[in-house]
Amino acid sequence: MGNEYDLILIGGGIVGLATAFKINSRNPDLKILLLEKEDHVAAHQTGHNSGVIHSGIYYKPNSYKARLCISGRRELVEFAKEHRIPHDICGKVIVATDPSELQHMNRVYNNGLANGVEGIEKIGIDRIKEIEPYCSGIEGIWVPCTGIIDFASVAAKYKEIIEARFPQSRVLTGYEVTGIDRQGDVTTVATPRGIFKAKNIIACAGLQADRIAQKTGINTDARIIGFRGDYYDLSEKGMSKVRNLIYPVPDPKFPFLGVHFTRMIQGGVECGPNAVFVFKREGYGKTDFSLRDTAAAFGFKGTWKFFAKHWKFGIDEYQRAFSKRMFLDRLQKLIPSLQMDDIVPGRAGVRAMAVSSNGEMIDDFKIEQQGNMIHVLNAPSPAATASLAIGNEIAGMASKQFGYY
């Protein structure tokens, strides 16, 4: 098919695939190439998350997250129905276990109302017990439109549709981008397995987003810091204590939603994650290490400022990462009857978190345009839920920036 394309997308996670799908759906004759460095799509954040279809209740009204999560959730559910992707809109409870959490719980509830999240209601002890009999809380929020799905299956379906409907477009795995060079109206993208050319570039590179941006000369002060989330699974004995999804009231100082219980669409129940700084961006083991990634993190002043602000939180999370007892103590705040043999070690995921040079976490989606390029520099949760809406958003940007329809 040659090496010249109208558009090259970098990154085969769910956001990159959704973006290619949406742009090609608007422009069927457009010749699009998507490059993914791993040997399969959805290899990192997409394939290592908890599979929750988020409602949109947490996010600041009128933010990217709020707007795109809610529209994306609705479109995702319809997409899953149309393509027979297993999913379940089972609902979840957000539970306050201490009076000090009630003020923020009310703020979360009011955000949900402002964002137009369907069916949410405040509930008391009796209703919490009715929904989740083993859960202990003083007040809560019932969120009926939350669900579960396998996002890797969703991403695979996006790829399948692109290849079936748009035969002039390609999704290539095992093609790591090593260089990007713009000469006039043509940008050359280098990989160890070939050179490709296109007029326009869109990067949705997740854990490598800042590095791809640097290769193209994009001027941004955001850097990616990786945080690993470790999970436990409920044992066969413990699974009877969770019906669907149970979440704590999140700490307002952090973008993480806290340790929670999630029934998985493939079966079983996960509990977690914690959130610990990683010394390797794509390292899922507790002792994984990359000199390059570590040097990059500690060579950025924003990392040190972030640690200075949140050192106590970091120490607490590291202790829980290596102590099953401490992890269980956190879980017992929601389900007091859990015992050590109710949980067994599970998987891990790594989240890409963009941090500014002053040490602030960039909590919202961050998408920047410059010339013939669009970069998704921050796409944390709920990006998987919002993937089709993010794809629509970027397709709209591409229409204006690149002259597409």
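It should be noted that the structure appears before, not after, this text.
Residues numbered from 1 in each chain as written. Predicted model: local features only at pLDDT ≥ 70, side-chain atom pairs only at ≥ 80, totals over all residues. Heavy atoms only, no water.

Participant: What is the right way to look at helix H1 (residues 14-26) in this model?
Facilitator: Compared with an ideal rise of 1.5 Å per residue, which puts 13 residues at 18 Å, H1 spans 18 Å between its outermost C-alpha atoms and is within 8% of the ideal. Every buried residue belonging to H1 is among Ile14, Val15, Gly16, Leu17, Ala18, Thr19, Ala20, Phe21, Lys22, Ile23 and Asn24, and all of these are buried. (Helix = DSSP H or I, 4+ residues; strand = E, 2+ residues; numbered from the N terminus. Expected span 1.5 Å × (residues − 1). Buried < 20%, exposed > 50% of the residue type's maximum accessible area, 1.4 Å probe, protein only.)

Participant: Where do I start with the nonpolar core in this structure?
Facilitator: One broad trend across soluble globular proteins is that nonpolar side chains are buried collectively. Of all hydrophobic cores here, the largest spans 47 residues; its most connected members are Ile23, Val154, Tyr158 and Ile202. Per element, the largest residue contribution to this core is eight residues, and it comes from helix H10 (residues 387-402). In contact with Ile202, not counting residues within four places along its chain, are Leu7, Ile8, Leu9, Ile10, Thr19, Ile23, Ile374, Ile394 and Phe402. Ile94, Val143, Tyr247 and Leu257 belong to the second largest nonpolar core, which has 24 residues in total. (Core = buried A, V, L, I, M, F, W, Y, C linked by side-chain atoms within 4.5 Å. Contact = heavy atoms within 4.5 Å.)

Participant: Whenever I open this one, the sheet that holds strand E3 (residues 52-53) confuses me. Can you help?
Facilitator: The strands making up a sheet are joined through hydrogen bonds of the backbone, oriented either antiparallel or parallel. In spatial order, the strands read E3-E8-E4; together these three strands make up an open sheet with antiparallel pairing. Each edge of the sheet is formed by a strand with only one pairing partner; in this case those strands are E3 and strand E4 (87-88). Judged from the two bridges that link them, E3 and strand E8 (residues 147-149) form a sheet pairing that is antiparallel. In the strand pairing of E8, Val52 is matched with Ile148. (Pairing = 2+ DSSP bridges.)

Participant: How do you make sense of the pairing of strand E13 (residues 223-234) when you look at a structure like this?
Facilitator: Both faces of the sheet carry side chains from a regular strand, because those side chains alternate between them. The buried fraction of E13 amounts to 10 of the 12 residues, a majority that puts the element mostly inside the structure. As judged from the 11 bridges shared by E13 and strand E18 (residues 343-355), these two strands associate in the antiparallel manner. Directly across from Leu234, in E18, lies its bridge partner Ile343. Two strands pair when backbone bridges link them, and E13 and strand E17 (residues 276-277) are joined in this way by two bridges, in the antiparallel orientation.

Participant: Teacher, can you tell me more about the side chain of Asn372 here?
Facilitator: By the element assignment, Asn372 lies in the loop between strand E19 (366-370) and strand E20 (373-378). A distance of 3.3 Å separates a polar atom in the side chain of Asn372 from a polar atom in the side chain of Arg182. A polar side-chain atom of Asn372 sits 2.9 Å from a polar atom in the side chain of Thr187. Here Asn372 is in contact with Arg182, Thr187, Lys199, Asn200, Ile201 and Phe402, once residues within four sequence places are set aside. (Polar contact = N/O pair within 3.5 Å; in protein donor to acceptor, adjacent residues only side chain to side chain.)

Participant: How should I be thinking about unusual backbone geometry in this particular structure?
Facilitator: A negative phi holds for most residues other than glycine; trans holds for most peptide bonds. The omega angle of the peptide bond from Gly272 to Pro273 is -5 degrees, so this bond is cis rather than trans. The topology assignment puts Pro273 in the loop between strand E16 (269-272) and E17. With an omega of 20 degrees, the peptide bond between Ser381 and Pro382 qualifies as cis. In this structure, Ala42 is a non-glycine residue whose phi angle is positive, near 60 degrees. Within the secondary structure, Ala42 is located in the loop between strand E2 (32-36) and E3. The class of Ala42 is buried, set by a relative accessible area of 7%. Phi at Arg84 takes a positive value of approximately 55 degrees, unusual for a residue other than glycine. By secondary structure assignment, the location of Arg84 is in the loop between helix H2 (64-82) and E4. A relative accessible area of 78% places Arg84 in the exposed class.

Treat this as a map of the structure, not an account of what it does.
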